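In case you want the letters, here they are:
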Amino acid sequence: MHESSRRHKLEQIAALGVDPWGGRFDGRQWIGDLRARAGEVCYRLETGAEVPLPDMQAEGFDFRAWKSQQGAGEMVGPKVRAAGRIMLQRPTGKLVFLNLRDWTGDIQIFVGKKQVGEAGFALAGLFDLGDIIGVDGQLAFTNTGELTIFAEQLHFLCKSLAPPPEKHHGLTDPELRQRMRYLDLVYTDGVLERFLQRTKIVHAIRATLDAQQFVEVEGPTLHAIAGGAAARPFVTHHNALDIDLYLRIALELHLKRLMVGGMERVYELGRVYRNEGISPRHNPEFTMLEVYQAFGNYETMMDLTEQMILAAIDALGGEYRRPWGKATVDFTPPFARRTYDELLAEHAGVAPDDPAGLARVAEELGMPTAGKHPDVVKNFVFEERVEARLTGPVFVTDYPASICPLTKRRPGHPQIAERFELFIQGMEVANAYTELNDPDLQEQLFRTQLEGLPEEDSMARMDTDFVRALRHGMPPAGGLGVGIDRLVMLLTNAQSIREVILFPLLRPTE
RNA sequence: GAGGAUGUAGCUCAGGCGGUAGAGCAACGGACUUUUAAUCCGUAGGUCGCGGGUUCGAAUCCCGCCAUCCUCACCA
């Protein structure tokens, strides 16, 4: 019914000889750039003298009074061309005010019958909210001091057949916002801005890596063995080969093969898939960055992590202290560096070298400890008692070696893994290792992990091809993984991962 | 997967002691040449998430299902 009136207008537009679906429209300027040209507008008196305009936004300023003070004259401003979506319409007889929006901002359009002519005004009468139009006209101010394009010619660029959301409240239903992200982007404040910020963050990270001669590659997303992390994979099937394949759960093992192949500094920034639950911090597909640097170690990666995050903050405007919900996160470098055991003692109230005490705490927290490796128990306590309290940013170092099968041990301290995780607001944002490059130890760790441990406790699946690659020699290296979505959440003050993923997974309807 | 909340017009929301549905915005008709969520007059618009039950009668009570959100679990 609403649509039928829009369809009727579409036919009327076509009857005027105007293509309701528009076409190429060259030479227009972005509205944000037009707003920046407000200073070019001036007031020309009948004497020909041009008077610069005062600050229209000043408190209590009355533009009408100012003009009558100056004497008779007219507003003069640059000729401009804009295009965008109609957000609001205020028809007042032979005059219509429109608010036009493009992806840089909003601006008011003045459409007067006298200025655009009968045909132009007839066209304007067929506009609906949501239509996309182009405007040629003069940039100037209205009597109320609003920067406005006084239209001289209107161009119809696209009919909107579906009515837009309510003009004041927009879309508020979170389900609709995600299902109809295209509307959310147009009609919910800050949404488009946040996704553009996401792009800036990703770009800053790439720029930081590229500047240090890292090369970006694209590994396979279809894996015969879903390795490199502890997670349940999605299973798919290749018909011609008649084999099951897994969507990748990590980028790691293929990037390391490339290190064997001589790619000394390599990274991939891409999607990984984990067949796990959905929550405000988890989406089944998410974006991961993994970086490997030959002849570095986990400390090299710590410095790099900090550099990338600071570069991203720089790209967003450089405030180190950033709001995140009710909290403030202070990214002022250097980020704190604390050991796993220190934090365990501090937050869990248990001596890190007291397996019986740790088991007691774990049992209290509801974990059956019988038959579990002491370090699995310890890590459970860490995850339950410590992680949520790490407001950070804090690099946690010196993890128990036995829960880190892909990590090199500290020389002289075989029980300590050369690893860090970066925690911010209780979220694990980055994870890095001094990478294990001893193929025999790697194979043995795969096996011990697989033996006697239920699958969900296993940190790795045997990958004999990967072990064979290691036998050919992988340089000692630092490796890093960064959860891009979570980093974007923290830097753009988003409380849910669904606010930083354009199309988060939803159950299909109908 | 478990618990809680929500689902009423295109959108934002009222109503709900069981008696057959309401506002604002959007739409349609009309007035208005400097409006700012324009204003004013008028009109139209709904299987009240889906299915079943109780009842003379259900949007309202009961049961089941679906979807979303929140919390928890798995995980990053």
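Counting restarts for each chain, with residues numbered from 1 along the sequence as it is written. Chains and ligands are labelled by the order in which they are written, letters from A for the one and numbers from 1 for the other. In keeping with the predicted nature of the model, local features appear solely for residues at pLDDT of at least 70, side-chain atom pairs appear and are counted solely at 80 or more, and the whole-chain, interface and lining totals rest on all residues. Note that the side-chain values use all heavy atoms of the structure and ignore hydrogens as well as water.

1. Focus on helix α8 (residues 252-260)
Within the span of α8, buried status applies to Glu 252, Leu 253, Leu 255, Lys 256, Arg 257 and Met 259. What makes two residues a contact is simply this: any of their non-hydrogen atoms within 4.5 Å. Elements are defined by DSSP. Helices are runs of H or I of four residues or more, strands are runs of E of two residues or more, and each kind is numbered from the N terminus. For α8, the elements touching its buried residues are β13 (265-273), β14 (285-294), β21 (427-434), α14 (464-471) and β22 (477-483). Directly after α8, the chain includes Gly 262, whose backbone phi takes a positive value near 100 degrees. Classification of residues uses two cut-offs on accessible area relative to the type maximum, computed with a 1.4 Å probe and protein chains only: under 20% is buried, over 50% is exposed, and between them is partly exposed.

2. Some remarks on the sheet that holds strand β1 (residues 42-45)
At least two DSSP bridges between two strands are required for those strands to pair. One open sheet holds the three strands; their spatial order is β2-β1-β3, and the pairing between them is antiparallel. Unpaired on one side and paired on the other, β2 (50-52) and β3 (73-76) mark the two borders of the sheet. Sheet twist, expressed as the average angle between the axes of neighbouring strands with direction ignored, equals 30 degrees. Pairing of β1 with β3, which is carried by four bridges, proceeds in the antiparallel orientation. Across the sheet, the residue bridging to Arg 44 is Glu 74, located in β3. Convention adopted: a line fitted to C-alpha atoms gives each axis, helices being fitted over their contacting stretch, and angles between N-to-C directions are expressed from 0 to 180 degrees. Across the sheet, helix α3 (residues 63-70) touches β1, β2 and β3, and the angle it forms with β1 is around 30 degrees.

3. Some words on the protein's contact with RNA strand B
If a single non-hydrogen atom of a residue is within 4 Å of a molecule or strand, that residue counts as near it. Near RNA strand B there are 55 residues, and of these Thr 144, His 282, Asn 283, Arg 486 and Arg 507 occur at the shortest range. Counting only atoms of RNA strand B within 4 Å of the protein, the sugar-phosphate share comes to 56%. N or O atoms closer than or at 3.5 Å make up a polar contact, with two conditions inside protein: a donor-capable atom paired with an acceptor-capable one, and, for residues adjacent in sequence, both atoms drawn from side chains. Residue Arg 232 places a side-chain N or O atom 2.9 Å away from a sugar or linking oxygen belonging to RNA strand B. Separating a base nitrogen of RNA strand B from a backbone N or O atom of Asn 283 is a distance of 2.3 Å. Secondary-structure elements contributing two or more residues to the surface near RNA strand B are α1 (2-15), β4 (79-91), β5 (95-102), β6 (105-112) and α5 (174-179). Split by residue class, the surface near RNA strand B holds 18 nonpolar, 17 polar and 20 charged. When residue character is reported, Ala, Val, Leu, Ile, Met, Phe, Trp, Tyr, Cys and Pro are called nonpolar, Asp, Glu, Lys and Arg charged, and the others, Gly included, polar.

4. Re empty space enclosed by the protein
Here a cavity means grid points, on a 1 Å grid over the protein atoms only, where a 1.4 Å probe fits yet cannot get out; a pocket means an open set of points with protein on both sides within 12 Å along at least five of seven lines; lining residues are those with an atom within 4 Å of a point. Grid points are joined across faces, edges and corners, and a volume is the space filled by probe spheres set on the points. Applying the stated criterion to the full structure yields one cavity of 30 Å³ or more. Taken as a whole, the largest cavity spans an internal volume of roughly 30 Å³. Taken together, Ile 205, Leu 289, Thr 305, Met 308, Ile 309, Val 482 and Leu 487 form the lining of the largest cavity. In terms of residue count, helix α9 (residues 298-316) provides more of the lining of the largest cavity than any other element does, three residues in total. Class assignment of the residues belonging to the lining of the largest cavity gives a composition of six nonpolar, one polar and no charged.

5. Remarks on the packing of aromatic side chains
Two rings belonging to Phe, Tyr or Trp (six-membered ring only in the last case) form a pair when the distance between their centres is within 6.5 Å. Interplanar angles under 30 degrees mark stacking, angles over 60 mark edge-to-face geometry, and anything in between is tilted. One pass over the full model with this rule turns up 13 aromatic pairs. Ring pairs connect the aromatic residues Tyr 43, Phe 61, Phe 63 and Trp 66, which therefore count as one cluster. Consider the ring centre and the ring normal. A charge sits over the ring if Lys NZ or Arg CZ is within 6 Å of that centre and within 35 degrees of that normal. In this structure, Arg 265 packs its charged tip against the face of Phe 214, placed 5.5 Å from the ring centre. Lying over the aromatic face of Tyr 399, Arg 419 brings its terminal NZ or CZ to 4.4 Å of the ring centre.

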